[in-house]
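Descriptive structure summary
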Amino acid sequence: MATVPGGILKLLKKIWTVSGHLDLAVAICLLLAVDAALAYPLIQKHLTTFIPLGEVGLITWVTTYGRYNLGHTFWFYGLMLGLILLGINTFVCTTNRVWAILGPKRRRKGWLYKLGPHIMHYAVLVMVSGYLGSYTLAQALPGRALIPDGPPLKLPGELGFLSVSVENPVVYQGQRLPFFDNWFLDPGFQLTFTGPDGRTVKKHVAYNKPARYRGYNFYLSDFYPKNSVSQGMAGYKTVKLSIRRDPAAIVYMVGILLFACGIIVYLADLYRKSRLTSAKEKPHEIS
Amino acid sequence: MEKILLYSWTVIFGLAFFLALPSKTGPASTNLAKLGALVALGYIFVRYYRAWPMTPMFMGSVAVAPFLVIFGLITFSKGSLPGRNLGRGLVFFLAFFLGILATVWPKDFYLPFLKTASIFSQAHLAFNFLGKAAFLISGIWGLLALLTKNPKADSQIRLWLAVGFVFWTMSMLTGEVWSYLGWGLPVVWDEAVIVCFMATWFFYTALLHLFLTGRHPAIRQILAASGLIWIVVINILPDLGPTRWPPELSGLW
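Residues numbered from 1 in each chain as written. Chains lettered and ligands numbered in written order. Predicted model: local features only at pLDDT ≥ 70, side-chain atom pairs only at ≥ 80, totals over all residues. Heavy atoms only, no water.

Here's the deal with the pairing of strand E10 (residues 238–245) of chain A
Residues and elements named next belong to chain A. In terms of strand pairing, strand E1 (residues 139–146) meets E10 through six bridges, oriented antiparallel. Along E10, the bridge assignment pairs Ala145 with Lys240. Sheet analysis places strand E9 (residues 216–224) next to E10, joined by seven bridges and oriented antiparallel. Along E10, the bridge assignment pairs Leu220 with Leu241. (Pairing = 2+ DSSP bridges. Helix = DSSP H or I, 4+ residues; strand = E, 2+ residues; numbered from the N terminus.)

Shown next as structure tokens:
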């Protein structure tokens, strides 16, 4: 078995130590803050360059919109670079500290409570990986417009056919904002999927309530008419759906849950410490 | 109704600030500030009541004031740390300043949109103004640390930084869940203000790490104090609308 020369090992150790240094994390975060702040007026002025990022995916966007508009997209490359460096730094720094807590013969009483901040750090890494996966792996089908109770739409692959009907719409009834009187809060769209085997599946879709079918999410993008009284232009009715398959969504959702767990463990540790402190102070109070 | 409440809480916070100008902050200014916070909470309630079940638009700045005052009264009311009276005066001034901004550059004319009828959208906004208020308090403590050279101010900066950071992160996470449910994306690039959220998160991540590890005391106090300017420029100014001067009085009654 070949052994690694001592010089290389020392160099690797040095790189590991430097890349996990806390001052580096602070410097990268401050640079990222400045970079993101600089981006505000650029996005404000060139919003149409950035909107397609969600539709075409990261790689296509970077090689088209991003590459040919560097005058106002340069900050995005800075953000990517900064996030990669911060990811490496966070991984190294957190792993060092977790090893110090969980390493052999190092576990002390209450070790679990000390993991709170580290769970949060790992959660951020999971979330950022999820975002990256979402922007690179997600598949977005071209936007679809359907007519309620109209002809079914052929979906790609094994998805079959899709038709839309309306059941039990919910109308705004508050009269607190006169503009919204008789508007649909939930237009009550039912999506009926008919698979290649002829089996039908019904799903409800509304704003913020996507319908899920065979790994694809169907989001309600828009609909007409908005108002239950007016029938729009010549009674024209339409439902616009955006259809996405995002295998990485679960990753950043897990990251969000992990972060929430980290906060709970951290708060539990603070509570435990405050109880320990008050227990230590009690004898003094009595005396 | 909203305008009466908005102008009222601005004037009340202004009076509280002017009464707090002498070095000894009497109970009058504190009581006025409590009244102002109640009126401002009423203003927020009316805005929410009108928009419900949707989320009222551009509340991120105007809704900061009452929470800033509540946090300020909590942190500057007890103890004997030097600069507490000055801190309270600064809180009242900032609340007054936010009221002036909302009065002269209002953005209260936007109707909410249907996609904001979500618990995650509501939570995103609520955590946002709680986070801003806590960050402003940490900024005031940072300024006091620089002015009074009191090392004990550090623990207060750290506390309010942590509170603000938790609120801000929760705001971002609930915003991401809302974005996923509404658009299928973790970040929607339809609004430039999304990068202001990120910028502030990075800024306070850096600052929080400096404070939690006790590194570079001078730099971290300067950065904490500069958080006041950061929040106003990066997170409050983008929420302002066109100039409306003199303030609109029609339809007040």
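Regarding the packing of helix H6 (residues 70–102) of chain A against helix H7 (residues 116–137) of chain A
Each packed pair of helices is defined by two parameters, the angle between the axes and the distance between the axes. Residue and element names in this part refer to chain A. Packing of H6 against H7 brings their axes to within 10 Å, and their N-to-C directions diverge by 150°. Taken together, the axes of H6 and H7 are roughly antiparallel relative to one another. You can see that H6 and H7 cross each other, and the crossing is left-handed. Contacts between H6 and H7 involve Gly87, Thr90, Phe91, Thr94, Thr95, Arg97, Val98 and Ile101 on the former and, on the latter, His118, His121, Tyr122 and Leu125. Class assignment for the residues of the contact of H6 with H7 results in five nonpolar, six polar and one charged. (Axes fitted to C-alpha atoms, helices over the stretch in contact; angles between N-to-C directions. Parallel < 35°, antiparallel > 145°, perpendicular 65-115°, else oblique. Left-handed = near helix turned anticlockwise from the far one by under 90°. Contact = heavy atoms within 4.5 Å. Nonpolar A, V, L, I, M, F, W, Y, C, P; charged D, E, K, R; others polar.)

Brief notes about the nonpolar core
Counting residues in hydrophobic clusters, the biggest one holds 102 residues, and the most contacted among them are Trp75 of chain A together with Phe13, Leu68, Val69, Phe92 and Trp189 of chain B. Counting residues per element, this core draws most heavily on helix H7 (residues 193–212) of chain B, at 14 residues. Excluding its chain neighbours within four sequence positions, the residues that come into contact with Trp189 of chain B are Ile43, Leu47, Phe50, Ile51, Leu53, Trp75, Phe76 and Tyr135 of chain A together with Ile194, Val195 and Met198 of chain B. Residues Phe193, Tyr207 and Leu241 of chain A together with Met54 of chain B belong to the second largest nonpolar core, which totals 27 residues. (Core = buried A, V, L, I, M, F, W, Y, C linked by side-chain atoms within 4.5 Å. Buried < 20%, exposed > 50% of the residue type's maximum accessible area, 1.4 Å probe, protein only.)

A look at the packing of aromatic side chains
Per the stated rule, a full pass over the model turns up 38 aromatic pairs over all chains. Linked through ring pairs, Phe135, Trp168, Phe197, Phe203, Tyr204 and Trp230 of chain B together constitute an aromatic cluster. Over the face of the ring belonging to Phe161 of chain A we find Lys154 of chain A, whose NZ or CZ atom lies 5.6 Å from the ring centre. Note that Arg220 of chain B overlies the ring of Phe211 of chain B, its terminal NZ or CZ placed 5.1 Å from the centroid. (Phe/Tyr/Trp six-rings, centres within 6.5 Å; stacked < 30°, edge-to-face > 60°. Lys NZ or Arg CZ within 6 Å of the ring centre and 35° of its normal.)

Focus: the confidence of the model for chain A
As a general rule, the predicted coordinates of low-pLDDT regions are not to be interpreted in detail. Taken residue by residue, chain A gives an average pLDDT of 86. The fraction at 70 or more is 93%. Here E1 of chain A stands out as the least confident element of chain A, with mean pLDDT 80; helix H2 (residues 22–45) of chain A is the most confident, with 94. (pLDDT = per-residue confidence, 0-100.)

Considering the sheet that holds strand E7 (residues 200–205) of chain A
In spatial order, the strands read E2-E3-E6-E7 (chain A); together these four strands make up an open sheet with antiparallel pairing. Both outer strands of the open sheet, strand E2 (153–154) and E7 of chain A, are each paired with one neighbouring strand and no more.

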